[in-house]
Number of protein chains: 2
Amino acid sequence: MLNPEVIHTTAVAQSLKDYLENSPNLIPIVLCDTNTVNLCFPVLQNSQLKTIVIEDGEVNKNLNTVELILGKLIDLKANRQTVLVNLGGGVLTDIGGFAASIYLRGIPFIHIPTTLLGMVDASIGGKTGIDFRSLKNQIGTFTHPETTLISSEFLSTLAPEHIKSAWAEIIKTAVISDEALFNAILDNTSLDHIIHLCSAAKQKIVEQDFNDKGIRQLLNFGHTIGHAYESMCLANDNEILHGFAVAKGMILELKIAKHLDVLMEAEMLKVIALIVSKTQVDEISDTEFANLLKFVHADKKNTSEKVTFSLPIAVGKGKQGIQISMEELKNWKNQGFI
Amino acid sequence: MLNPEVIHTTAVAQSLKDYLENSPNLIPIVLCDTNTVNLCFPVLQNSQLKTIVIEDGEVNKNLNTVELILGKLIDLKANRQTVLVNLGGGVLTDIGGFAASIYLRGIPFIHIPTTLLGMVDASIGGKTGIDFRSLKNQIGTFTHPETTLISSEFLSTLAPEHIKSAWAEIIKTAVISDEALFNAILDNTSLDHIIHLCSAAKQKIVEQDFNDKGIRQLLNFGHTIGHAYESMCLANDNEILHGFAVAKGMILELKIAKHLDVLMEAEMLKVIALIVSKTQVDEISDTEFANLLKFVHADKKNTSEKVTFSLPIAVGKGKQGIQISMEELKNWKNQGFI
């Protein structure tokens, strides 16, 4: 499926206005959360727009919130001429995209990501979803937005922790698929340029494999361990930003790639150094690792005793579908290989 | 989007076995309702198959039932290798298709319709959905099953009311798109042959317009009024079989077509006679009509003050996108034109 247009803009209010003027039959409703309605909605400079406001945070990324959105859409008489404008971070664009994709069997929606992670990752690629029974993104659809408007105007209001966390996904995309992006990060290129390169790199992968059955799985680099780490934290009521879990995951998975001899040591060290400098995470400790394995096992992508990894084989190049048994992982750790 | 294969069989147990043998990586879970688990599941001759059982009836075609199915899928460790086998009538295939289409962003599913309506209509065409806030099919997706297995073996257990109700959709498809099917009905051709012709006629339309933005809307003939009638009954806790609502809708819409001079009176009378003889419905009464209009207005296909109809212009030929104002409808009724 062809990707929708991603518009990079420095004046999002005007870009949204242009978009709506070019789609005269579409009537917008803006989905905000309790943060973005105050911090980001005013940037759109159109207080006349109808809004739906949901609670912010991963903890609300559930069916109750979807039901609330669907009910409000009915109250606002939303129909197939409605376009839902999802104004927020990854949680909001995931949930808003999902609600739009099932309302009346799908109404148009656009994303305006307001976080760095949203700009480089969550708003690109048509994955929508919610958590269900504490399982991340257990429910959802593959549905592209009509368009994504990306503007770094919103980043000034973002906490530094969220910027650092987003770097993990940027580095991931670079390492697994785009050496030029990796070098641009090393060269301290402007953030606007990085967002541009990274969203384009992700689009390129998604366009080849929309339904995530082949090359798109490369984007799981860092996530086999990272997701498990995130679930472990969640289970311990110790929430961690997604990017930090992915950063920790990538460090361990880079060591796995090196131990498997698919990645050279020098490359591994270069990537780990960049991850640590940009995200400032620590490695996963030995005691954490022991606890982690059962969460690795529970992940929906791991179908039996084997765990599936996507690993870099050089900077800018990856390989998906690498299977390793739980036993091997345990032994390698005990022997200090990873 | 290409239609999936529809397999007409006289031995559904063997056909399902063949299908599963040809898809060795897929593990089936059978979705039944409290009726089909007793009446139809034994026909599959494989009591080893895992099942999920939901309450039957339109009144349970809601988000609660979807949540129940999703929870059971998790309990049964369903993953992307699971195929959900939807064994039931249109309500069950709609809801099962919807649950499968959002679980893990979509797992494969197949339909085994057990009602005549399911065989000729609901299981064909990839519309999935549930009701929400008393609005029919307000929530759903467009997702094709992997395949549909059609066998009239199940019809022997079906109440006569359900057979009569299904005739409405068969006549609808015939009137709007297939004169040969209409003549086959008049000629009292075997039901197996009618099922074959009708499912093929529907497939032909769906293949040209999967997302229901053009010619597929022809299939809405009888449904602008019929859906509203059904919603009205639902709101009054007075359930009506879908086909009977459509039959009543068709009769009124045929009169509209005649009043608009798009359909000749003789054709109108011929079709109404067939509808009445096959479904034995009464026309919508004047008091019902007065109450009906607000449900017409709430329908998702009606975008403003105008109501959109698909009407026959001759037997076997239809026209979609005919807009009529609420005011006109009211006046025509008052003046006895419809």
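In case you missed it, the structure is sitting above this.
Here is what the cut-offs are and how they apply
Residues numbered from 1 in each chain as written. Chains lettered and ligands numbered in written order. Predicted model: local features only at pLDDT ≥ 70, side-chain atom pairs only at ≥ 80, totals over all residues. Heavy atoms only, no water. Pairing = 2+ DSSP bridges. Helix = DSSP H or I, 4+ residues; strand = E, 2+ residues; numbered from the N terminus. Axes fitted to C-alpha atoms, helices over the stretch in contact; angles between N-to-C directions. Contact = heavy atoms within 4.5 Å. Buried area = accessible area lost by both parts, 1.4 Å probe. Salt bridge = Lys/Arg side-chain N within 4 Å of Asp/Glu carboxyl O. Least-squares fit on C-alpha atoms with pLDDT ≥ 70 in both. Buried < 20%, exposed > 50% of the residue type's maximum accessible area, 1.4 Å probe, protein only. Lys, Arg positive; Asp, Glu negative; His and termini not counted. Polar contact = N/O pair within 3.5 Å; in protein donor to acceptor, adjacent residues only side chain to side chain. Expected span 1.5 Å × (residues − 1).

As for the sheet that holds strand 8 (residues 147-150) of chain A
Two modes of strand pairing occur in sheets, parallel and antiparallel, and in both the strands are linked by backbone hydrogen bonds.
Residues and elements named next belong to chain A.
Thinking step 1. Within the open sheet, the 6 strands sit side by side as 1-8-5-4-2-3. Their pairing is parallel. Edge strands, defined here as strands with exactly one partner in the open sheet, are strand 1 (5-8) and strand 3 (50-54). Pairwise comparison of adjacent strand axes, ignoring direction, gives a mean angle of 20° for this sheet.
Thinking step 2. Pairing between strand 5 (residues 109-113) and strand 8: 2 bridges, direction parallel. By the bridge assignment for strand 8, His111 is matched with Thr148.
Thinking step 3. Where helix 3 (residues 63-75) meets the sheet, it contacts strand 2 (27-33), strand 3 and strand 4 (82-88), and its direction lies at approximately 160° from that of strand 3.

Here's the deal with the interface of chain B and chain A
Thinking step 1. Each side of the interface is counted separately: chain B has 31 residues, and chain A has 31 residues.
Thinking step 2. Taken over both partners, the interface formed by chain B and chain A buries close to 2800 Å², and the fraction arising from carbon and sulfur atoms is 60%.
Thinking step 3. Across the pair A:Asp75 and B:Arg133 runs a salt bridge, and its minimum N-O distance is 2.9 Å.
Thinking step 4. Where the side of chain B that touches chain A is concerned, the elements lending two or more residues are helix 3 (63-75), helix 4 (90-102), strand 6 (127-132) and strand 7 (135-142) of chain B.

Concerning the relation of the copies chain B and chain A
Thinking step 1. Of the transformation superimposing chain B on chain A, the axial component is 0.2 Å and the angular component is 178°, with the fit at an RMSD of 0.7 Å. Considering both components of the superposition, the chain copies are consistent with a two-fold axis. Among all residues of chain B, the minimum C-alpha distance to the rotation axis is found for B:Ile102, at 4.2 Å.

Regarding the environment of A:Ile139
Thinking step 1. As for its placement among the helices and strands, A:Ile139 is situated in strand 7 (residues 135-142).
Thinking step 2. Sequence separation of A:Ile139 and A:Pro160 is 21 residues, and the distance between their C-alpha atoms is 30 Å.
Thinking step 3. When residues no more than four places from it in sequence are discounted, the contact partners of A:Ile139 are A:Phe98, A:Thr128, A:Gly129, A:Ile130, A:Phe132, B:Leu70, B:Ile102, B:Tyr103 and B:Leu104.

Considering the side chain of A:Glu253
Residue and element names in this part refer to chain A.
Thinking step 1. Mapping Glu253 onto the fold places it in helix 10 (residues 242-259).
Thinking step 2. Buried charge without a salt bridge: Glu253, with Lys172 as the nearest opposite-charge side chain at an N-O distance of 10 Å.
Thinking step 3. In terms of polar contacts, Glu253 uses its side chain to reach the backbone amide nitrogen of Ile225, at 2.9 Å.
Thinking step 4. Setting aside residues up to four positions removed in sequence, Glu253 forms contacts with Asn220, Phe221, Gly222, His223, Thr224, Ile225, Gly226, Phe309, Ser310 and Leu311.

Observations regarding the pairing of strand 5 of chain A
All names here are of chain A.
Thinking step 1. Summarising burial for strand 5: 5 of the 5 residues are buried, a large majority.
Thinking step 2. Residues of strand 5 alternate between two faces, with Phe109, His111 and Pro113 on one and Ile110 and Ile112 on the opposite face, all of them buried.
Thinking step 3. In this sheet, strand 5 lies alongside strand 4 in parallel orientation, the contact comprising 5 bridges. Bridged to Asn86 within strand 5 is His111.

Notes on the pattern of salt bridges
Thinking step 1. The tally for this structure, following the rule as stated, stands at 24 salt bridges over all chains.
Thinking step 2. Put simply, A:Lys17 and A:Glu21 hold a salt bridge, and the shortest N to O gap is 3.9 Å. Placement of the pair is A:Lys17 and A:Glu21 together in helix 1 (residues 12-22), with a separation of 4 residues, close to one helical turn.
Thinking step 3. Among the ionic pairs, B:Asp121 bridges to B:Lys202, the shortest N-O distance being 2.9 Å. Of this pair, B:Asp121 sits in helix 5 (residues 116-122) while B:Lys202 sits in helix 8 (residues 191-208), and the two are 81 residues apart along the sequence.
Thinking step 4. By relative accessible area, which is 10% here, B:Asp121 ends up buried.
Thinking step 5. Salt bridges here are not isolated pairs; linked through shared partners, they connect A:Glu58, A:Lys136 and A:Glu230.

Comments concerning helix 3 of chain A
All names here are of chain A.
Thinking step 1. For helix 3, spanning 13 residues, the distance from its first C-alpha to its last is 18 Å, which sits close to the expected 18 Å at 1.5 Å a residue.
Thinking step 2. Taken together, the buried positions of helix 3 are Leu63, Thr65, Val66, Ile69, Leu70, Gly71, Leu73 and Ile74.
Thinking step 3. N-cap assignment for helix 3: the residue whose side-chain oxygen lies 3.2 Å from the backbone N of Asn64 is Asn62.
Thinking step 4. Just downstream of helix 3 lies Lys77, where phi reads positive at about 55°.

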